[in-house]
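Below, each chain spelled out in residue letters.
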Amino acid sequence: MARFTRSLALAFATLPLAACSTIMPSERPVSVTGSITYRERMALPPTAQVEVTLADVSRMDAPSTTIAQQSFTADGRQVPFAFTLTVDQRRLDPRHSYAVSARITDASGKLMFITDTRNSVAFDGRPRIDLGTLVMVRTR
């Protein structure tokens, strides 16, 4: 009887540890991929700056929080530009909303193109999420 009681006590003592291991997200990274483009028939200057951002956009009354970002200079290349944003799953909260945005500025920082729609990302356990092509609009 004492052996049974000890076994039962040990089982109940390790139960919270087992529960924690199933709740904690895995440590593997998640990649969000896609490309950005625009419809206008114009070339970018070689010094154009391209920026793609993954942000936590859950709170409507507060600024978004950047989770991952990729920035580079066009260096004479033209759209479409491929992007890959990598994030650790432990930084993601399944109750939050996430979105990708993109912008292109000239060398002086003046905005040329920007995404004007919400590009939501659903983190559902896949190691790679492809958003396809995000279309930007020209700013005036």
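In what follows, the structure referred to is the one given above.
Being a predicted model, the structure only gives us computed values, none of them experimental. (Residues numbered from 1 in each chain as written. Predicted model: local features only at pLDDT ≥ 70, side-chain atom pairs only at ≥ 80, totals over all residues. Heavy atoms only, no water.)

Chemist: Where do I start with the overall build of the chain in this structure?
Modeler: Tallying secondary structure elements over the chain gives one helix and eight strands in all. When its helices and strands are written in sequence order, the chain yields α-β-β-β-β-β-β-β-β. For the chain, buried positions account for 31% of its 140 residues. The long-range share in the chain, meaning contacts at least 24 apart out of those at least 6 apart in sequence, stands at 67%. Surface summary for the chain: the accessible area is close to 9300 Å², and the carbon and sulfur share equals 56%. (Helix = DSSP H or I, 4+ residues; strand = E, 2+ residues; numbered from the N terminus. Buried < 20%, exposed > 50% of the residue type's maximum accessible area, 1.4 Å probe, protein only. Contact = heavy atoms within 4.5 Å. Areas by Shrake-Rupley, 256 points an atom, 1.4 Å probe, with all protein chains shown as cover.)

Chemist: When you look at the pairing of strand β8 (residues 128–138) in this model, what are you seeing that I'm missing?
Modeler: Successive side chains on a regular strand alternate, one facing one side of the sheet and the next facing the other. In this sheet, β8 lies alongside strand β1 (residues 29–38) in parallel orientation, the contact comprising seven bridges. Bridge pairing links T33 to D130 in β8. Pairing analysis gives three bridges linking strand β6 (residues 111–115) to β8, with the strands arranged antiparallel. In the sheet register, I114 faces β8, and the bridge partner there is V137. (Pairing = 2+ DSSP bridges.)

Chemist: Just to check I follow, could you spell out the environment of N119 for this structure?
Modeler: Counting through the fold element by element, N119 comes out in strand β7 (residues 119–121). Classification of N119 by relative accessible area gives buried; the value is 14%. For N119 and S101, which are 18 residues apart along the polypeptide, the C-alpha to C-alpha distance reads 6.8 Å. Separated by 3.2 Å, the side chain of N119 and the backbone oxygen of T117 make a polar contact. (Polar contact = N/O pair within 3.5 Å; in protein donor to acceptor, adjacent residues only side chain to side chain.)

Chemist: Mind showing me how you'd approach the nonpolar core here?
Modeler: Soluble globular proteins: nonpolar side chains tend toward being buried together. Judged by nonpolar contacts, the single largest core of 28 residues is most densely connected at I36, L44, L54, L85, V100 and I104. What L85 contacts, discounting residues up to four positions off in sequence, is V30, S31, V32, V52, T53, L54, A68, Q69, Q70 and V100. (Core = buried A, V, L, I, M, F, W, Y, C linked by side-chain atoms within 4.5 Å.)

Chemist: Is there a simple way to think about the packing of aromatic side chains in this case?
Modeler: Given two aromatic rings, their pairing is described by the distance between the two centres and the angle made by the two planes. Counted by the stated rule, this structure contains three aromatic pairs. Centroid distance Y98 to F123: 5.4 Å. Interplanar angle 80 degrees. Geometry classified as edge-to-face. In this pair, Y98 is assigned in strand β5 (residues 98–105) and F123 in the loop between β7 and β8, connecting sequence segments 25 residues apart. You can call Y98 buried: its relative accessible area is 4%. (Phe/Tyr/Trp six-rings, centres within 6.5 Å; stacked < 30°, edge-to-face > 60°.)

Chemist: Whenever I open this one, the pattern of salt bridges confuses me. Can you help?
Modeler: Close approach of charged atoms lets side chains of opposite charge pair. What the rule picks out here adds up to three salt bridges. Across the salt bridge formed by D88 and R90, the nearest N and O atoms sit 2.6 Å from each other. R90 sits in the partly exposed class, given a relative accessible area of 47%. Note that D124 is salt-bridged to R126, the shortest N-O span being 2.9 Å. Accessibility expressed as a relative area gives 40% for R126, which makes it partly exposed. (Salt bridge = Lys/Arg side-chain N within 4 Å of Asp/Glu carboxyl O.)

Chemist: Can you help me understand the environment of A82 in this one?
Modeler: Residue placement: A82 occurs in strand β4 (residues 81–88). Note on A82: relative accessible area 59%, which makes it exposed. Taking C-alpha positions, A82 is 6.6 Å from I36, a pair spaced 46 residues apart along the chain. Discounting chain neighbours no more than four positions away, the residues touching A82 are G34, S35 and Q70.

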